[in-house]
Amino acid sequence: MATSPTFSTSNQYIKYRIVVTENSTSIPYNNSVVNVKVQAWRTNQGYTTDASGACYCTIDGESYGYSWSYGQKPISYNSYTTLFEITVAVPHNSDGKKTMYVSAYISHSKFSSSSQGFNVTLTDIPRKAEITSAPNFTDVDNPAIVYSNPAGTAVTTLQACISLDGTTDTIAYRDIDKNGTNYTFTLSAADRTALLNATPNSKTLTLYFIVKTVLGGTTYYSSVSKTMTVVNADPTISGVTYKDTNATTLAVTSDDQKIVQALSTVDFGIASIAALKGATLASVAITVNAVTVTDSLSGSSVANKTVTFGTIDSSVDETATIVVTDSRGFTATETVSVTMLPWALPTAIITCKRKSNFYSETDLTLNASYDSLDGTNTISIEYQYKEKSSGTYSAPVSIADGATDTITLDNTKEWDVKVIVADLLGSTTYNLSVYIGIPALFVDNKRRSVGVNAIPDQDNMLVADRRIALNNLQNERVADIWSYTSGTHRSATFYLYDEAGTSLMRLRGDTAGANQIFKDKAGTIQIYEFAAAKGGCIYVYNSSGNQVAILATGAGNSDGIMYLKDHSGNDTIWGIEDRKSVV
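Definitions and cut-offs
- Residues numbered from 1 in each chain as written.
- Predicted model: local features only at pLDDT ≥ 70, side-chain atom pairs only at ≥ 80, totals over all residues.
- Heavy atoms only, no water.
- Helix = DSSP H or I, 4+ residues; strand = E, 2+ residues; numbered from the N terminus.
- Buried < 20%, exposed > 50% of the residue type's maximum accessible area, 1.4 Å probe, protein only.
- Areas by Shrake-Rupley, 256 points an atom, 1.4 Å probe, with all protein chains shown as cover.
- Pairing = 2+ DSSP bridges.
- Axes fitted to C-alpha atoms, helices over the stretch in contact; angles between N-to-C directions.
- Salt bridge = Lys/Arg side-chain N within 4 Å of Asp/Glu carboxyl O.
- pLDDT = per-residue confidence, 0-100.
- Contact = heavy atoms within 4.5 Å.
- Core = buried A, V, L, I, M, F, W, Y, C linked by side-chain atoms within 4.5 Å.
- Phe/Tyr/Trp six-rings, centres within 6.5 Å; stacked < 30°, edge-to-face > 60°.
- Lys NZ or Arg CZ within 6 Å of the ring centre and 35° of its normal.

Regarding the overall build of the protein chain
Here comes step 1: Per the secondary structure count, the protein chain includes two helices and 47 strands.
Here comes step 2: Per-residue burial for the protein chain yields a buried fraction of 37% across its 583 residues.
Here comes step 3: When the accessible surface of the protein chain is totalled, it reaches about 30,600 Å², and 49% of it is carbon and sulfur.

Pasting the structure below:
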């Protein structure tokens, strides 16, 4: 029961109030039956007010009134006189809650009041059922929800469904117990397919559990969002094979299951590939020896898929790993062993040298190495030769592995020798040089001559090619004769050193003639001579390095000039042929 505050009237001794009593509530009709009374009383003693009048009351927006005549509603001291009373049904809000405003005013022949009222909160009426918990689940589960239904059997309909968008019943509504608290969805194959088809590119799916309540002609919903996870959906692979498709290597091995290192073209075949649970195929990747080749896929299944991998650079048997990926990111892996035949270009150890390092007869010896390819490979060897200055090789000559051929190569000339070592799949070319046949030391008994890196061409001679050096016991150079070539000119230089290694004398020939230098032990030039093509000069120096005498002949004439100088290098005497003068 709710009673309003005390309200005043135009008569200070007369008061009134409103009394609201909630008699009952109705779940089906979602309303309350309430009784409303308006009661007045006097606050002073010894008086009673009696006259005609009316009382008007507004309840939740609806207006009501009651009037009376003299003698019917006397208002006495300390006694409640009911001026108005009514019982009405008040509808609640859709959620079952209700707060209503009740007001009243009095029109009396002795007094009156303004409209005055208060708020009254009615009892909450149970309405829709609510989901209290629901699980995240996998596509193979039968999920169970927990719910409450405070209206019980008063509800007309109580159902549950699973929805992809929060509105549509993807998994159709089914009745649930009005007096129950939980429900398990037993999903059919069609139900699971509908959910899986909704997530072809993801392993998870957001969906909604919904409970629908129909009560008093009104439909209510309670929903909760959860996640379904797809499991056990790896794609399938079957019938993985490989083969060599290179006609050149197959012609040698005659077996497409034997892969020649770095040469065979390898194709992998997969008899059947299938994606599961509504996914589509995305790609297949094949990895061998850390090299991966990827090919795209489409559709839910593929039959007799071929992936061209290419060459495999490995000398040992390998394991190929095949990985299929679907649109959700699920993968399936299969492996197959690949038989490898090691292969590389043939090689050879070759010697090609003149007999005794001198004669025209030249021995070519060759030892080859090659991969047998399980006994199917063979080797062939050929050689050609030509003079170093010639541009044409001889016709190819075959030579057996491990054999020695003797070739006649003029020992006065240099030669190029080309050796080609070939197996059935490739070849290696070696380019060799055979130099002029000059021995390191040659003793000619007939001429009684000796040659060092040279052959004597005269009797009773020692000939050395390029350079002769003489060292002392301390391995210090004391004399040196060496030759060099400048353009088309050839010349030689002779050095003589003192004990400190200082050059004391030099004799050198060049394009202009020859020049000689003589030094003292300190390395200071004492005599310098220059021999020109048609003349020459001799310079004489003192110990200070100053010129003290010059003897010169002019190039192209027969004149002779002589200078004598003092120790400071100043002219003292000079003369010209056919004209002599003393200064």
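A look at the sheet that holds strand E24 (residues 291-296)
Here comes step 1: An order of E21-E27-E26-E23-E24 is seen for the five strands of this open sheet, with the pairing classed as mixed. Every other strand in the sheet has two partners, leaving strand E21 (258-260) and E24 as the edge strands with one partner each. Adjacent strand axes in the sheet meet at a mean angle of 35 degrees, parallel and antiparallel pairs treated alike.
Here comes step 2: Note: strand E26 (residues 318-326) against strand E27 (residues 331-341), eight bridges, orientation antiparallel. Following the sheet pairing, Val324 is matched in E27 by Ala332.

Observations regarding the pattern of salt bridges
Here comes step 1: Tallying each qualifying case throughout the model produces 11 salt bridges.
Here comes step 2: Here Lys277 makes a salt bridge to Asp139, at a shortest N to O gap of 2.7 Å. Of this pair, Lys277 sits in the loop between strand E22 (266-274) and strand E23 (281-288) while Asp139 sits in the loop between strand E13 (137-138) and strand E14 (144-148), and the two are 138 residues apart along the sequence.
Here comes step 3: Among the salt bridges present, the one from Lys355 reaches Asp363, with a minimum N-O distance of 3.1 Å.
Here comes step 4: Lys355 sits in the partly exposed class, given a relative accessible area of 34%.
Here comes step 5: Sharing partners across several salt bridges, the network here consists of Lys386, Lys388 and Asp416.

Topic: the confidence of the model for the protein chain
Here comes step 1: Of the residues in the protein chain, 86% reach a pLDDT of 70 or more, and the chain-wide mean stands at 88.
Here comes step 2: Per-residue pLDDT stays below 50 along residues 486-490; that stretch engages in four contacts with residues further than four places along the chain or on separate chains.
Here comes step 3: Confidence drops under a pLDDT of 50 for residues 578-583, and excluding neighbours within four residues, the segment shows four contacts in the predicted structure.

Structural notes on the sheet that holds strand E29 (residues 361-369)
Here comes step 1: The three strands lie next to each other as E28-E29-E32, forming an open sheet whose pairing is antiparallel. Two strands lie at the open edges of the sheet, namely strand E28 (347-354) and strand E32 (404-408), each paired on one side alone. Ignoring which end each strand starts from, the neighbouring axes of this sheet average 20 degrees apart.
Here comes step 2: Across eight bridges, E28 lies against E29 in antiparallel orientation. Each bridged residue has a counterpart across the sheet, and for Lys353 the counterpart in E29 is Asp363.

Concerning the nonpolar core
Here comes step 1: Core analysis: the largest hydrophobic core is formed by 28 residues, its most contacted members being Ile145, Phe185, Leu207, Phe209, Val211 and Met228.
Here comes step 2: Residue assignment for this core shows that the elements contributing at least two residues are E14, strand E15 (157-163), helix H1 (189-197), strand E18 (204-215) and strand E19 (218-229).
Here comes step 3: Listed in part, the 27 residues of the second largest apolar core include Val20, Ile86, Phe111 and Phe118.

Considerations on the packing of aromatic side chains
Here comes step 1: By the definition in use, this model includes 11 aromatic pairs.
Here comes step 2: Judged by centre distance (4.9 Å) and plane angle (65 degrees), the rings of Phe358 and Tyr359 are edge-to-face.
Here comes step 3: By relative accessible area, Phe358 is classed as buried at 15%.
Here comes step 4: Since its relative accessible area comes to 43%, Tyr359 is described here as partly exposed.
Here comes step 5: Following the ring pairs from residue to residue traces out a cluster consisting of Phe137, Tyr183, Phe185 and Phe209.
Here comes step 6: A cation over a ring is seen here: Lys203 above Phe330, with NZ or CZ 4.6 Å from the ring centre.

A closer look at the environment of Phe7
Here comes step 1: Mapped onto the elements of the fold, Phe7 is located in strand E2 (residues 7-8).
Here comes step 2: In this structure the C-alpha to C-alpha distance between Phe7 and Arg17, which are 10 residues apart in sequence, comes to 5.9 Å.
Here comes step 3: Non-local contacts of Phe7, meaning those with residues more than four positions away in its chain, are made with Lys15, Tyr16, Arg17, Ile18, Gln116 and Gly117.

Focus: the pairing of strand E36 (residues 449-452)
Here comes step 1: Here E36 shows a buried face lined by Ser449 and Gly451 and an unburied face lined by Val450 and Val452.
Here comes step 2: Linking two consecutive strands that pair antiparallel, namely strand E35 (residues 441-444) and E36, is a turn of four residues; a positive phi of about 50 degrees is found at Arg448 within it.
Here comes step 3: Sheet topology note: the E36/strand E37 (residues 462-464) ladder contains three bridges and is parallel. In the sheet register, Val452 faces E37, and the bridge partner there is Ala464.

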